[in-house]
Amino acid sequence: SSSPRGQALRGPRASRRRPSRGPLGAMAKLLGKKKSGRTKTALKYNVQKRVREHRRRVKKEAKKLGNRRPQRKDPGIPNSWPFKAQMLASMERQQQQKEKELAKRREEARAKAKEQQQQALLEKQQALEERARQKQAKQAEAKKKAQAKKGEAARSAAASSSTGAKGDAKMEDEEEDEDDEDEEEE
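Nothing here was measured: the structure is a model prediction, and the numbers come from that model.

Peer 1: I keep staring at the overall build of the chain and nothing clicks. Help me out?
Peer 2: A count of helices and strands for the chain gives four helices and zero strands. The order of α-helices and β-strands along the chain, N terminus first, is α-α-α-α. Counting all 186 residues of the chain, 2% fall into the buried class. A total of about 19300 Å² of accessible surface is found on the chain, and carbon and sulfur atoms cover 51% of it.

Peer 1: Can you help me understand a nonpolar patch on the surface in this one?
Peer 2: On the surface, Trp81, Met87, Leu88 and Met91 cluster together into a nonpolar patch covering about 370 Å² of accessible area. As for its position among the elements, Leu88 is in helix H3 (residues 84-160). Given a relative accessible area of 42%, Leu88 falls into the partly exposed group.

Peer 1: Please clarify how helix H2 (residues 41-65) should be interpreted in this entry.
Peer 2: In an α-helix, one turn spans 3.6 residues; hence positions three or four apart end up facing the same way. Between its terminal C-alpha atoms H2 stretches 36 Å, which fits the 36 Å expected from 25 residues at 1.5 Å a residue. Of the residues flanking the end of H2, it is Gly66, one or two places downstream, whose phi is positive at about 85°.

Peer 1: Mind showing me how you'd approach the pattern of salt bridges here?
Peer 2: It is possible for side chains of opposite charge to pair when their charged atoms get near one another. Evaluated as defined, the whole model comprises six salt bridges. One salt bridge connects Glu101 with Arg105, and the closest N-O pair in it is separated by 3.1 Å. Pair noted here: Glu101 and Arg105 are both in helix H3, with a separation of four residues, about one helical turn. A residue is classified by how much of its surface remains accessible, and Glu101, at 41% relative accessible area, is partly exposed. For Arg110, the salt bridge goes to Glu107, with nearest N and O atoms at 3.2 Å. Of this pair, Arg110 and Glu107 both sit in helix H3, separated by three residues, roughly a single helical turn.

Peer 1: Mind showing me how you'd approach unusual backbone geometry here?
Peer 2: Peptide bonds are trans in most cases, and residues, glycine excluded, mostly fall at negative phi. Even without being a glycine, Phe83 presents a positive backbone phi close to 60°. Relative to the helices and strands, Phe83 is located in the loop between H2 and H3. Taking the relative accessible area as the measure of exposure, Phe83 reaches 61% and is therefore exposed.

Peer 1: Where do I start with the confidence of the model for the chain in this structure?
Peer 2: Scored by pLDDT, the chain comes out at a mean of 81, with 72% of its residues at no less than 70. The element-level mean pLDDT for the chain is lowest in helix H4 (residues 166-185), coming to 59, with H2 highest at 95.

The rules behind the values
- Each chain carries its own residue numbering, running from 1 in the direction its sequence is written.
- Local features are withheld for residues below a pLDDT of 70 in this predicted model, meaning they are given only at 70 or higher, and side-chain atom pairs are given and counted only at 80 or more; totals for whole chains, interfaces and linings count all residues.
- Where side-chain values are given, they derive from all heavy atoms of the structure, hydrogens and water being excluded.
- Secondary structure counts use DSSP, requiring at least four H or I residues in a row for a helix and at least two E residues in a row for a strand, with both numbered from the N terminus.
- Summary of the burial criterion: residues with accessible area below 20% of their type's maximum are buried, those above 50% are exposed, and those between are partly exposed, where the area comes from a 1.4 Å probe applied to protein chains only.
- Computed with the Shrake-Rupley method and a 1.4 Å probe, the accessible areas treat only the protein chains shown as cover for residues.
- Patches here: salt-bridge-free residues with over 30% relative accessible area, like charges joined within 9 Å, nonpolar side chains (Val, Leu, Ile, Met, Phe, Trp, Tyr) joined within 5 Å.
- For salt bridges, the criterion is a side-chain nitrogen of Lys or Arg within 4 Å of an Asp or Glu carboxyl oxygen.
- For a helix, the expected span equals 1.5 Å multiplied by the residue count minus one.
- For every residue, the predictor assigns a confidence score, pLDDT, that lies between 0 and 100.

See the structure below:
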């Protein structure tokens, strides 16, 4: 026997039957389960990092373009304030003093930068001159060594010749004199 809808079944089939979901129950079954709002921690931190980087880039661009927030205007001193004129005068004096101080600092900084630039230029010139002197000294030393080797070779050749001709000796003396004159010119 079939039971009318809504009445509980009795017997062995009673435990297997699901309760009815009602009219919205079928719709929920079609849509599926609602997805959880929970996210992985790594994804959460990656998103935070991207947002942070994006904001940093936007700020950097704004700074490059010079789009700064407008500064709030000074509301000034109300007319009902006692000794308003004196206060305004003192504020004006302070402003002028700050401007003078700032101008003075700028001048000092410019003078210091100019002095440092001149000092660096002078040091560079001295370094170049020192290098030139060292190069000349090395060249002169190399020349002396070459001449000494030449002299030794000539002497050994003269010593090896048993004749000891006076003409060869005169030529060697003339060559040495020419070498000495070259060194003196340098």
